[in-house]
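# Descriptive structure summary
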Amino acid sequence: MNEVVFVLFLVLLIVSVSDAKITKPNVENFLQCLRSRTSPKNPITEVLYTHDNSTFVSSYVSYTNNKRCSNPKDTKLIAIVAAKHESHVQATVVCAKSNGIQIRIRSGGHDFEGFSYISSVPFVILDMHNFRSITADVSSKKAWVQAGATLGELNTKIADASKTLAFPGGFWSTLGAGGHISGGGYGNLIRKYGISVDHVIDAQLVDANGKILNRASMGEDLFWSIRGGDGASFGVILAWKINLVAVPETLTVFKVTKTLRQEATDVLYKWQLVSSKLPEELFLRAIPEIAEGAKSGEKTIAVKFYAQFLGPAAQLVPIINKNLPELGLKREDCYEMSWLNTTTFWMNFPVGTPTSVLLKRTSGPPRAFYKCKSDYVKEPIPKEGMEKIWKTMLKFNNAFMEWNPYGGVMDRIPANATAFPHRKGNLFKILYCASWNDAKATDANLSLMKELYDVAEPYVSSNPREAFLNYRDMDIGSNPSGKTNINIEEAKIYGSKYFLGNFKRLMETKTKYDPDNFFRYEQSIPPIHAM
Ligand SMILES: Cc1cc2nc3c(=O)[nH]c(=O)nc-3n(C[C@H](O)[C@H](O)[C@H](O)COP(=O)(O)OP(=O)(O)OC[C@H]3O[C@@H](n4cnc5c(N)ncnc54)[C@H](O)[C@@H]3O)c2cc1C
Ligand SMILES: *[C@@H]1O[C@H](CO)[C@@H](O)[C@H](O)[C@H]1NC(C)=O
Ligand SMILES: *[C@@H]1O[C@H](CO)[C@@H](O)[C@H](O)[C@H]1NC(C)=O
Ligand SMILES: *[C@@H]1O[C@H](CO)[C@@H](O)[C@H](O)[C@H]1NC(C)=O
Ligand SMILES: *[C@@H]1O[C@H](CO)[C@@H](O)[C@H](O)[C@H]1NC(C)=O
């Protein structure tokens with residue numbers, strides 16, 4: 001053998017060995033490993049689903065929110081481990097890692113791009129929905145919440161213990177504490193108290209070696225990283241310890257709608273000037289959406305103004321009428337209720353709906369195909385810009401936006417206090433969503449979504465164009481999940497949009513705690529040596 005051929009032979013050998021490691025995961029060894037690493041006292045068989053189990057599909061779809069990403073027949077999906085005991089989580093991590101199998105961690109299953117339940121390489125879903133205990137302690141104003149608990153369960157548990165305590169989390173009761181909190185966790189207490197990660201004081205996590213760590217044993221770099229810096233890149237969150245915040249016994253909410261014919265554009269323009277400067281006790285969200293026009297078959301834009309005030313209606317009405325008289329708010333538009341009842345209001349349930357609806361964990365198989373995107377706005381969008389946005393939106397059958405006001409305490413929390421960076425200097429954050437009900441319409445709706453994003457570009461943050469991790473969006477940059485290595489240059493694109501100046505520290509932490517890059521997916525944080 002001459003030298004050139006020998007070198008070529010070596011190269012081929014190396015390539016085929018590393019290929020084998022990636023593309024031929026050892027499923028039998030994996031299952032065997034799971035059994036050997038768990039005790040019969042907490043049998044893994046009771047929580048392990050493979051395609052052979054008759055309940056496999058229902059276990060897959062019950063926590064799958066977006067029909068666009070759902071694929072229960074996926075042959076790349078080896079198994080679902082619906083962990084009931086810590087040892088199930090530890091074994092899944094260790095056995096997947098040693099057998100070249102990727103995992104996807106799922107708590108509530110709301111990831112907009114389905115990253116918790118799809119992959120293009122062989123994978124196992126580590127499903128946390130059985131990890132759902134919550135203990136709330138009123139005297140210390142603290143609680144432990146496990147990753148698979150929903151926000152509805154958390155809010156109910158807190159309200160059962162005290163009518164004047166709450167947790168600043170998101171608007172939807174079925175969101176899982178695992179994904180929601182590690183991504184930032186944004187809700188209607190943002191202006192008064194900030195976001196979920198601002199109230200996390202400890203955590204339990206299983207790292208890439210299968211070890212259980214808490215804040216003291218993980219150290220401050222890792223603890224900082226999992227607060228808004230993407231938990232799924234660092235480990236499996238088992239539970240969070242959180243601080244509870246004070247809310248009054250009576251809050252006030254209202255919903256007022258203006259259509260384009262009722263000067264919605266003018267009112268919303270004025271909203272842009274005042275909403276981030278109102279008292280911190282007031283959160284006034286605007287939802288531009290497609291609505292029926294005056295004539296049948298005609299479409300228009302209606303802007304719903306949704307408000308929550310930490311106080312009585314008698315105080316709220318004058319504040320609105322002084323700052324945004326264009327809304328024409330009347331006392332009879334307002335409802336006074338408890339904090340827990342406001343959470344049903346924000347989910348669009350009629351006033352008076354029993355709060356037991358908050359305990360419904362899943363809505364079963366996903367019903368709609370959808371796509372969402374996000375933006376941060378730092379200067380008011382001129383009326384011409386708003387009109388361009390409406391014009392594009394009206395090409396959809398079904399689309400809405402949420403304009404979520406900033407200001408308040410968000411201006412005072414430093415951008416590096418946690419890994420979540422979008423703080424001072426924002427007027428509001430936009431969420432764009434479109435939904436449809438026919439798989440054949442997916443491409444057309446996705447490309448229209450891109451058009452809408454392009455139309456908005458001149459009016460939103462730039463260099464980078466910021467994005468909210470919890471509003472996951474593949475289009476802003478991603479790696480093919482089949483690769484072991486992650487392209488650092490690509491990662492810097494999405495990393496700088498999600499994490500701004502915090503991305504570097506996140507990569508450094510990743511390098512320290514998961515140098516082999518076991519916890520990876522299309523938009524994960526790579527170790528510095530990855531390429
Ligand atoms: C209807 C709806 C309403 C929403 N409203 C809000 C809102 O008001 N405020 C807001 O901030 N966001 C909101 N979101 C976005 C939501 O917060 C994110 O989708 C969040 O990631 C959901 O968490 P999950 O556990 O339910 O989802 P999952 O799909 O289970 O997880 C999302 C991501 O987190 C990872 N992950 C999940 N569990 C763990 C864990 N235990 N350890 C490590 N990583 C984990 C997953 O791998 C995935 O990458 C909403 C989404 C939907 C669909
Ligand atoms: C799946 O099927 C196997 C084999 O029949 C069984 O041992 C296991 O308990 C089933 N898993 C669940 C979660 O029911
Ligand atoms: C909350 O809603 C329930 C169910 O409609 C109602 O019975 C109760 O009076 C409400 N309580 C408060 C304080 O708003
Ligand atoms: C944030 O940055 C400031 C200024 O660079 C620094 O003093 C501070 O220690 C940083 N805080 C954290 C939590 O890293
Ligand atoms: C989006 O999907 C719907 C089906 O729900 C379809 O009727 C519509 O034409 C699609 N939109 C576009 C812009 O193609």
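Residues numbered from 1 in each chain as written. Chains lettered and ligands numbered in written order. Predicted model: local features only at pLDDT ≥ 70, side-chain atom pairs only at ≥ 80, totals over all residues. Heavy atoms only, no water.

### Some words on the confidence of the model for the protein chain
Summing up the model confidence of the protein chain, the mean pLDDT is 94 and the portion of residues at 70 or higher is 94%. Under a pLDDT of 50 for its full length, residues 5–23 has, in the predicted model, six contacts with residues more than four places off or in other chains. (pLDDT = per-residue confidence, 0-100. Contact = heavy atoms within 4.5 Å.)

### Some points on the state of the cysteines
Tallied over the full model, the rule gives two disulfides. Note that cysteine 33 is cross-linked by a disulfide to cysteine 95, the S-S spacing being 2.0 Å. As the torsion about the S-S bond is roughly -75°, the cysteine 33-cysteine 95 disulfide counts as left-handed. Within this pair, whereas cysteine 33 is found in helix H2 (residues 27–36), its partner cysteine 95 is found in helix H4 (residues 86–98), the two being separated by 62 residues in sequence. Of the residues examined, cysteine 95 reaches a relative accessible area of 0% and is grouped as buried. Put simply, cysteine 372 and cysteine 433 are joined by a disulfide, and their sulfur atoms are 2.2 Å apart. Torsion about the S-S bond of the cysteine 372 and cysteine 433 cystine: about 105°, corresponding to right-handed handedness. Linking cysteine 372 in strand E16 (residues 369–377) with cysteine 433 in strand E18 (residues 428–436), this pair joins segments that are 61 residues apart in sequence. The same class applies to cysteine 372 and to cysteine 433, which are both buried. (Disulfide = S-S within 2.5 Å. Helix = DSSP H or I, 4+ residues; strand = E, 2+ residues; numbered from the N terminus. Buried < 20%, exposed > 50% of the residue type's maximum accessible area, 1.4 Å probe, protein only.)

### Observations concerning the pattern of salt bridges
For the structure on display, the rule yields 28 salt bridges. Of the charged contacts, one joins arginine 412 and glutamate 280 as a salt bridge, the two residues approaching to 2.9 Å between their closest N and O atoms. In this pair, arginine 412 is assigned in the loop between strand E17 (399–405) and E18 and glutamate 280 in the loop between helix H10 (264–274) and strand E13 (282–292), connecting sequence segments 132 residues apart. The shortest N-O distance in the salt bridge between aspartate 475 and lysine 371 comes to 3.6 Å. On the criterion of sequence distance, the pair formed by aspartate 475 in the loop between helix H14 (442–456) and helix H15 (488–499) and lysine 371 in strand E16 is long-range, its members being 104 residues apart. Overall, aspartate 475 belongs to the partly exposed group, its relative accessible area being 38%. (Salt bridge = Lys/Arg side-chain N within 4 Å of Asp/Glu carboxyl O.)

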